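The primary structure of each chain is shown beneath.
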Amino acid sequence: MFLQVWAGLIDFWNYTNDTRYIPTVQEALMAQTGPDNNYMPPAYFYTLGNDDQTFWALACLTAIECGFPVPEGNSSSVYLDLAVAVWNTQVYRWDTTSCNGGLKWQVFESRSGYNYKNSISNGGFFQMSARLARYTGNQTYLDWAEKSWNWMRDVDLISSDYLVFDGTNDLINCSEVDHTVWSYNPAMLLYGTALLYNYTNGSESEMWQDRTTGLVSACADRFFTPFDNATNIMYETACEPKNNCNNDQYSFKAYLARWMSKASIVAPYISDAVSMLLKPSAEAAAGACSGGADGVTCGQKWYIGGYDGSYGIGQELSALETVQSLLLLDGEVRVNRRYPLTERQVRVRVEGRPTTTLSIPPKGAATSAGGGDGTSSAGNAQTTEADSNSRSGDGSGGGYGSGASSVKSMSIYLLAVLPLIAGFAVSTVLR
Amino acid sequence: MKLGVTLTAAAAGLPVARSLQLNVNSTDSIQHSASTLAYGVMDYYTNNQSTTPPTDVGTLPPPSYWWEAAAVSIYNDLP
């Protein structure tokens, strides 16, 4: 988890031009590279998950996408080299002895959790692959991005309604899934699908667009508006209302804000919808950051209108990343590098003003708390759009979404068919 | 709601807590709040002292990296 802090601080520099933490971030990124320069420090073998290792690589990828300075004495490609080295260790770990593939959560066999194939590890590998694909133009990374997405779909870690569940047990061949829904899991996938929508063309791009749309819509439905009077305020559904978030879970909102906003840059058609969610969330977060002796310490819950007394680095990071995401989303704000870089020879579409906008209807009366207009019922699994607004339980047992299970059955609509092939106001950029 | 609480407290002669006072429509306000929050995040990071062991640099002290407990409990819930 601590690794995600550094990526957030790289973004802080990128969005504000404030250089004061650069040396600290550089030192941190270099300190944990391990003897093989692949973020496998022996001191942490006892706790090394594929996800932990990936988070370092993702910080390096953020560094190269925005041109974060390389520390003196290092090769100019050090961040890319590190990310590639991490990816190389993980592709080697793709495990076909169970579940037809997937990555195990833990790296080492002696570790508890070695038989768990989870979404954060596989989704992290997916996002790494997507970012490397776009940055380098190398087909191998694109192939693996597709492969890891398809595997997650095949074992139902990603549902047909774009819910992303926690993980699955390879001792039973992944025949059952832990249906806990954490915000960072779809968020991790969303930046990857948005990048691939941008990087690919034609029907391939449309496929990634459908997935981007599905993920944004599912996130909007699942992780915002806990109550009717807390419209569009972000919350960690699986633990905040029950007051049982652990230390890492306090930070998940940070990643949701981070990846939703970054996805909006490369898939601008979602940016209005994302702004509509992140602005109220940032406001609410600011209101929650009102505790402590300094009067600005952040609590955990943002939807209660004040400080809830639960403080820590995860809470603070969640507030930081949600607030600073507004700088990225606002096209008028000068940031260092808004559009993620690619290597010189890679061509990507650069979309200026999007020609279409994803519209997500506000969550209305369709709540299981019964404050509604009576037209929807949490228990009725046959309705379509209303049902996808229900928030009964944690999504296990099929209480969520319609059985028809396509993106179009969810409460979203596109204002126009996206003309990806012709008539699109873009320019291609050869870098 | 926040303003109401603030005014009430002030009227009662109680000390009024600071808060971020974020205006999401003002770039300056957002940047200012972000700076305050970044400082707050970094306040939790102490492993950059001259006395920090090299293996600890870049990491956060417990309990931040001890997430195996919660994750294992999820794992143990599976059959």
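On a predicted model such as this, the values are computed, not experimentally measured, just so you know. (Residues numbered from 1 in each chain as written. Chains lettered and ligands numbered in written order. Predicted model: local features only at pLDDT ≥ 70, side-chain atom pairs only at ≥ 80, totals over all residues. Heavy atoms only, no water.)

**Let's talk about the packing of helix α7 (residues 184-199) of chain A against helix α8 (residues 202-223) of chain A**
Residues and elements named next belong to chain A. As a reminder of what qualifies: Geometry is summarised by axes, namely lines fitted to C-alpha atoms with helices restricted to the contacting stretch, and by angles between N-to-C directions that run from 0 to 180 degrees. The way it works is that DSSP assigns letters per residue, a run of H or I at least four long becomes a helix, a run of E at least two long becomes a strand, and they are numbered from the N terminus. Any angle that falls under 35 degrees is termed roughly parallel, while one over 145 is termed roughly antiparallel, one within 65 to 115 roughly perpendicular, and all others oblique. Helix crossings get a hand from a simple test, with the near helix turned counterclockwise from the far one by less than a right angle marking a left-handed crossing and a clockwise turn marking a right-handed one. For this analysis, residues touch if any pair of their heavy atoms sits within 4.5 Å.
Between α7 and α8, the least distance of the axes is 8 Å, while the angle of their chain directions is 150°. One way to sum up the angle between α7 and α8 is to call them roughly antiparallel. Two packed elements cross with a definite hand, and for α7 against α8 that hand is left-handed. When α7 is examined against α8, the residues P186, L189, L190, T193, A194, L196 and Y197 are found in contact with a partner set consisting of S205, W208, Q209, R211, T212, L215, V216, C219 and F223.

**Quick word on the confidence of the model for chain A**
Note the following rule: Each residue carries a pLDDT score, the predictor's own confidence in it, on a scale running from 0 to 100.
On average, residues of chain A carry a pLDDT of 86, and 84% of them reach 70 or more. Within the model, the stretch residues 365-431 of chain A combines pLDDT values under 50 with 128 contacts to residues more than four positions away or in other chains.

**Focus on the interface of chain B and chain A**
Condition: For this document, the term salt bridge refers to a Lys or Arg side-chain nitrogen within 4 Å of an Asp or Glu carboxyl oxygen. Lys, Arg, Asp and Glu make up the charged group, whereas Ala, Val, Leu, Ile, Met, Phe, Trp, Tyr, Cys and Pro make up the nonpolar group; the residues left over, Gly among them, are polar.
Of the residues lining the interface, 45 residues belong to chain B; the matching set on chain A comes to 69 residues. The tally of links between chain B and chain A comes to zero salt bridges. If you list the elements that add at least two residues to the side of chain B that touches chain A, you get α2 (27-43) and α3 (68-76) of chain B. Per-element tally for the side of chain B that touches chain A: the top contributor is α2(B), with 13 residues. Partitioned by chemical class, the residues of the side of chain B that touches chain A number 28 nonpolar, 13 polar and four charged.

**What about the environment of B:N47?**
Residues and elements named next belong to chain B. Positionally, N47 belongs in the loop between α2 and α3. As a C-alpha pair, N47 and I30 span 17 residues in sequence and 28 Å in three-dimensional space. With near-sequence residues (within four places) excluded, N47 lies in contact with T52, D56, V57, G58, T59, L60 and P61.

**Description of the packing of aromatic side chains**
Residues and elements named next belong to chain A. The line we're drawing: Any pair of Phe, Tyr and Trp rings, taking the six-membered ring for Trp, is counted once the centres come within 6.5 Å. Such a pair is stacked with planes under 30 degrees apart, edge-to-face with planes over 60 apart, and tilted for the rest. Only protein chains enter the accessibility calculation, which uses a 1.4 Å probe. A residue is then buried if its area is under 20% of the maximum for its type, exposed if over 50%, and partly exposed in between. Counting as a charge over the ring demands two things of the Lys NZ or Arg CZ atom: a distance within 6 Å of the ring centre and an angle within 35 degrees of the ring normal.
The full count for this structure, using the stated rule, is 27 aromatic pairs over all chains. Between W87 and W144, the ring centres sit 6.5 Å apart and the planes meet at 80°, which makes this aromatic pair edge-to-face. With W87 in helix α4 (residues 78-91) and W144 in helix α6 (residues 139-154), this residue pair connects regions lying 57 residues apart in the sequence. In terms of burial, W87 and W144 fall into one category: buried. For the pair F125 and W144, a centre-to-centre distance of 5.9 Å together with 80° between the ring planes defines the contact as edge-to-face. Pair noted here: F125 is in helix α5 (residues 119-136) and W144 is in helix α6, with a separation of 19 residues, a long-range link. F125 gets classed as buried once you look at its relative accessible area, which sits at 0%. Chaining the aromatic ring pairs together yields one cluster made of W87, W94, F125, Y141, W144 and W151. One residue, R258, lies across the ring of W259, its end atom 5.1 Å from the ring centre. We note R349 situated over the ring of Y197; from NZ or CZ to the ring centre the distance is 5.0 Å.

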